[in-house]
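# Structural characterization, general
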Amino acid sequence: MPARDAIAAVTEDFTEHRPAGGPETGDGPIGWAGYGESRARAAARTGEEESVLHGTARVAGRSCVLVAFEFGFLGGSLGRRAGDRLEAAYALATERRLPLVSLVATGGSRMQEGMIALTQLQRVAGASARLRAAGLPQIAVVRDPATGGGWATLGAGADVVLALPGAQTGFAGSRVRPAGADPFAYTAEGQWAAGQVDAVVAPAELRRTLGRWLTALTVTGPARPAPVPGALSATGLPETGWDAVEQARAAARPRAAAYLDAYFDDRLALRGDRCGGVDPGMLCGVGLRAGRPVAYAAQCGTATRPAGYRTAARVIRLADRLGLPVLTLIDTPGAANDAEAERTGAGAAIAEVFAAVAGARVPVTSLVIGEGGSGGALALAAPGNTHVTADSYFSVIAPESAAAILKRGPEEVRATAGQLRLRPQDLVDLGVARSVVGPVSDG
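Report follows, based on the coordinates. (Residues numbered from 1 in each chain as written. Predicted model: local features only at pLDDT ≥ 70, side-chain atom pairs only at ≥ 80, totals over all residues. Heavy atoms only, no water.)

So, on to the overall build of the protein chain. When helices and strands are counted, the protein chain shows 17 helices and 16 strands. In terms of overall dimensions, the protein chain has C-alpha extents of about 85 × 45 × 35 Å along its principal axes. Counting every position in the protein chain, which comprises 443 residues, the buried fraction comes to 53%. Only carbon and sulfur atoms are counted for the fraction: they give 56% of the accessible area of the protein chain, which is about 18,000 Å². (Helix = DSSP H or I, 4+ residues; strand = E, 2+ residues; numbered from the N terminus. Buried < 20%, exposed > 50% of the residue type's maximum accessible area, 1.4 Å probe, protein only. Areas by Shrake-Rupley, 256 points an atom, 1.4 Å probe, with all protein chains shown as cover.)

On to unusual backbone geometry. The phi torsion of most residues other than glycine is negative, and most of the peptide bonds are trans. Cis geometry is adopted by the peptide bond preceding P145, which originates at D144 and carries an omega value of 0 degrees. Structurally, the position occupied by P145 is in strand β5 (residues 138-147). One non-glycine residue, A60, lies in the positive phi region at around 50 degrees. Following the sequence through the fold, A60 ends up in the loop between β2 (52-59) and β3 (62-69). The class of A60 is partly exposed, set by a relative accessible area of 43%. With a phi close to 50 degrees, R421 is a non-glycine residue in the positive phi region.

Before going further, it helps to spend a moment on the pairing of strand β12 (residues 326-332). Burial of β12 is extensive: seven of the seven residues sit out of reach of the surface. Relative to β12, strand β11 (residues 292-299) runs parallel, the two sharing four bridges. Within the sheet, the bridge partner assigned to A297 lies in β12 and is T328. Read as a crossover between parallel neighbours, the route from β11 over helix α11 (residues 306-322) to β12 is right-handed. (Pairing = 2+ DSSP bridges. Right-handed = clockwise from strand over helix to strand, strands pointing away.)

Another point: the nonpolar core. By size, the foremost hydrophobic cluster in this structure holds 60 residues, and its most contacted members are L103, I139, L210, W213 and V353. At eight residues, α11 tops the list of elements feeding residues into this core. Other than its neighbours up to four places away in sequence, L210 contacts V10, V59, V101, I139, V141 and L162. Grouped together as the second largest cluster of nonpolar side chains are 32 residues, Y90, V142, A158 and A188 included. (Core = buried A, V, L, I, M, F, W, Y, C linked by side-chain atoms within 4.5 Å. Contact = heavy atoms within 4.5 Å.)

All right, on to the packing of α11 against helix α13 (residues 346-359) then. Their axes nearest at 8 Å, the elements α11 and α13 cross at an angle of 20 degrees. Compared by their axis directions, α11 and α13 come out roughly parallel. For α11 against α13, the interelement crossing comes out left-handed. Contacts between α11 and α13 involve P306, Y309, R310, A312, A313, I316, R317 and D320 on the former and, on the latter, A346, A349, I350, E352, V353, A356, V357 and G359. Classifying every residue of the contact of α11 with α13 by side-chain character gives 11 nonpolar, one polar and four charged. (Axes fitted to C-alpha atoms, helices over the stretch in contact; angles between N-to-C directions. Parallel < 35°, antiparallel > 145°, perpendicular 65-115°, else oblique. Left-handed = near helix turned anticlockwise from the far one by under 90°. Nonpolar A, V, L, I, M, F, W, Y, C, P; charged D, E, K, R; others polar.)

A separate point is the environment of V10. Along the chain, the position of V10 falls in helix α1 (residues 3-10). Between the alpha carbons of V10 and C64 there is a distance of 12 Å; along the sequence they are 54 residues apart. Beyond its immediate chain neighbours, meaning those up to four positions away, V10 contacts R58, V59, L103, L206, R207 and L210.

Here you go:
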């Protein structure tokens, strides 16, 4: 699809901006023989002067700065003039305080411009960093293909990465991959499975999805704390510590997905830790509640894996940069402690979340909705703004593990649970939690 058709497919209107200076002349910065003729043929074929267009646009009623690659112009490659346009687009977004949306379709750096082309990636990275520092979001739409430096800067470097089905996606282009490489790894679906893409979106849904994201990432005014969700069950307070454990472990107890569905009018998922890992037991993203965006990280009752913690840290840092309040839902027996979790950096991943919560300048609200198992749960808890449901507990360690460490028999686990003072009402008395929240119907 030509760039202008791609723009028309997702926008209501588009006003193109052209940087000062005409198109490249001659055979380019390194004198590549015949480069000028190739460029002239590309211009005649596409009607464009360069591989990149940019300007202001409205997508589903939301204003943004839009960048679109023309793959028909020398494979959408990045040369010096393309770099001028990209840098201008980022500057325009910064100046007008608008999100940047990139429709990426590129083979990478322009070979005929040598190292001059490659250094455009540094220009793009610098412009992107300045936009981040200004607290403005970047959304990438991966078209077909998105490889090389274009993927490694505008694509994978965006805050939210969407991809069209079947799009060739990856740093290595089709002609430079190792022989016998798994082709699935270089597709939008493969990158989604590895947590490098947040969603694969059908073309017919792209405009609406972009509009939802632009709404979710647009912040007006200072961040106010996210309201505490109401409990989804009417369970009474437990009498004993072991009662609290059994209530929190009950199979029928409401889980994170139910809480998020009840809390938000609309929510969009952010997937993966951008290190190749995905934890299905950690739901992350941005939701809208009464028109206000709130970032969320929610444990689903399983042992949280390093990828889950890294994804949560990614979302909390994004929220902090954009000025979004954060809601965390805590429900885990603890951090995963198998050998694979240790090899993939469990300790460092948990430390990332502790640091993200501690360093957040936006308000963080936490609710324990089930098991609160040790540091693996505490990492997501907001100091001074953590609440608990009646069917939850929070403990320094699971009662079974505590009894084992103390060399007590299985028959003493129940008594040990009582000694740990892990009941919801105990947590309020100890000052660990601010309140025991009631059911939604109770407000």
